[in-house]
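Given next are the chains, with one letter for each unit.
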Amino acid sequence: MKKIFALILLVVMCTSCFAGCSKNNNNQETSGSKEQNNNESTQNDITDGEGDKTEELPELEDWNKLEIIVDGHVITLPCTYKKITELTGFVWSEFHEKSEVESGWYMSEPFSNNEENACWGIGVKNFTDKDAQAKDCTVVEVFAAEGVTVPVIFGGLQIGDEITKQELIKRFGEPAEVREWRSESNKENETDTYYWYYDAEDRNNGHFYITLNIYSNLIEEISLSPFHEKVAQEEK
């Protein structure tokens, strides 16, 4: 009888042990599953966070590649004086055409329209090794100002357009230089801000600037001179 009782007790103890082992295994599996889910959730959070941090900003427009259109004609700089005058029909006065420009020097003048200032013009540079007449130099700049007699468009921008400082920076980035000019009378229409863009390493290589009225944000002047030093050297 004692042997039977001892045998029954042994069976009960073994059953309890197996049940305990099974419970421990289930707890471990459940714990491991929870830990894995937590890790995956954390990993997803990190990925999402990094995604927010690395959100790409809009690409800035390259002012050096702005298209210049004068009265419907596309102007590609640098070019010759003859080409730009044939395209547009505008010319300098004979005095300016024959003005001597020293080697390496620059000259900028507005065109005349029936002997009146056309309020747009060009800048030329002498890339030769000797002095030359202005009409024989290379055109490297086009500019326009208030009162311009024909549409002169720079990448969609022209005199009289409205653009804020914030919009300008969003499109082209921070300017290399900002200048403010106020007249002695301090009238609203005589207070301007100049925004200059140029190559920090070689300021003379090219530039783009816009003058805005500080109160109205209307464009009063635009000048574009794409990078030209390297082009001139390659032409040589």
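Model, not experiment: these values are computed from the prediction.

S.K.: Describe the overall build of the chain, with residues and values.
M.R.: Secondary structure summary: the chain contains five helices and 13 strands in total. By residue count, 33% of the 236 residues in the chain fall in the buried class. Across the chain, the fraction of contacts at a sequence separation of at least 24, relative to all contacts at a separation of at least 6, is 52%. For the chain, the exposed area adds up to about 15700 Å²; of that, 50% sits on carbon and sulfur atoms.

S.K.: Go over the sheet that holds strand S9 (residues 152-154) with me, naming the residues and quoting the values.
M.R.: Pairing is antiparallel in the open sheet, where three strands are placed in the order S2-S1-S9. The open sheet has two free edges, formed respectively by strand S2 (73-75) and S9, since each of these has just one partner strand. This sheet shows a mean twist of 25 degrees between the axes of neighbouring strands, independent of strand direction.

S.K.: Just give me the short version of the nonpolar core, but keep the residues and values in it.
M.R.: Phe111, Trp120, Ile122, Val142 and Phe208 are the most contacted members of the largest nonpolar core, which has 40 residues in total. Considering every element that reaches this core, the biggest residue donor is strand S6 (residues 116-125), with four residues. Sequence-distant contacts of Phe111, defined by excluding residues within four places in its chain, comprise Tyr81, Ile84, Thr85, Phe90, Val91, Trp92, Glu116, Asn117, Ala118, Trp120, Gly121 and Ile122.

S.K.: Please provide a residue-by-residue account of the packing of aromatic side chains, values included.
M.R.: Counted according to the given criterion, the structure contains eleven aromatic pairs. With a centroid separation of 4.8 Å and an interplanar angle of 65 degrees, the aromatic rings of Phe111 and Trp120 are classed as edge-to-face. The burial state of Phe111 is the same as that of Trp120; both residues are buried. One aromatic cluster is present, formed by Trp63, Phe172, Tyr197, Phe208 and Phe227 through successive ring pairs.

S.K.: Pulling in residues and values, what's your account of unusual backbone geometry?
M.R.: The linkage connecting Leu77 with the following residue, Pro78, adopts the cis geometry, with an omega of -5 degrees. Here Pro78 is to be found in the loop between S2 and strand S3 (79-80). The phi torsion at Asp71 lies on the positive side, around 50 degrees, for a residue other than glycine. Relative to the helices and strands, Asp71 is located in the loop between strand S1 (68-70) and S2. Judged by its relative accessible area of 40%, Asp71 is partly exposed.

Conventions and cut-offs
- Residue positions are given per chain, counted from 1 along the sequence in the order it is written.
- Since the coordinates come from a predicted model, pLDDT governs what is reported: local features require at least 70, and pairs of side-chain atoms require 80 or more to be given and counted, while whole-chain, interface and lining totals use all residues.
- Computation of side-chain values covers all heavy atoms of the structure but excludes hydrogens and water.
- Helix and strand assignments follow DSSP, with helices taken as H or I runs no shorter than four residues and strands as E runs no shorter than two, numbered in order from the N terminus.
- Whether a residue is buried, partly exposed or exposed follows from its accessible area with a 1.4 Å probe, protein chains only, as a fraction of its type maximum: under 20%, in between, or over 50%, in that order.
- Between two residues, a contact is recorded if the distance between any of their heavy atoms is within 4.5 Å.
- In short, Shrake-Rupley with a 1.4 Å probe defines the accessible areas, and a residue's cover is counted only from the protein chains shown.
- Following DSSP output, two strands are said to pair if at least two bridges run between them.
- Where helices are involved, their axes are fitted lines through C-alpha atoms of the stretch in contact, as for all axes, and angles between N-to-C directions lie from 0 to 180°.
- In this description, a nonpolar core means a group of buried Ala, Val, Leu, Ile, Met, Phe, Trp, Tyr and Cys residues linked to one another through side-chain atoms lying within 4.5 Å.
- Between 30 and 60 degrees the pair is tilted, below 30 it is stacked and above 60 it is edge-to-face, where a pair is any two Phe, Tyr or Trp rings, Trp via its six-membered ring, whose centres lie within 6.5 Å.

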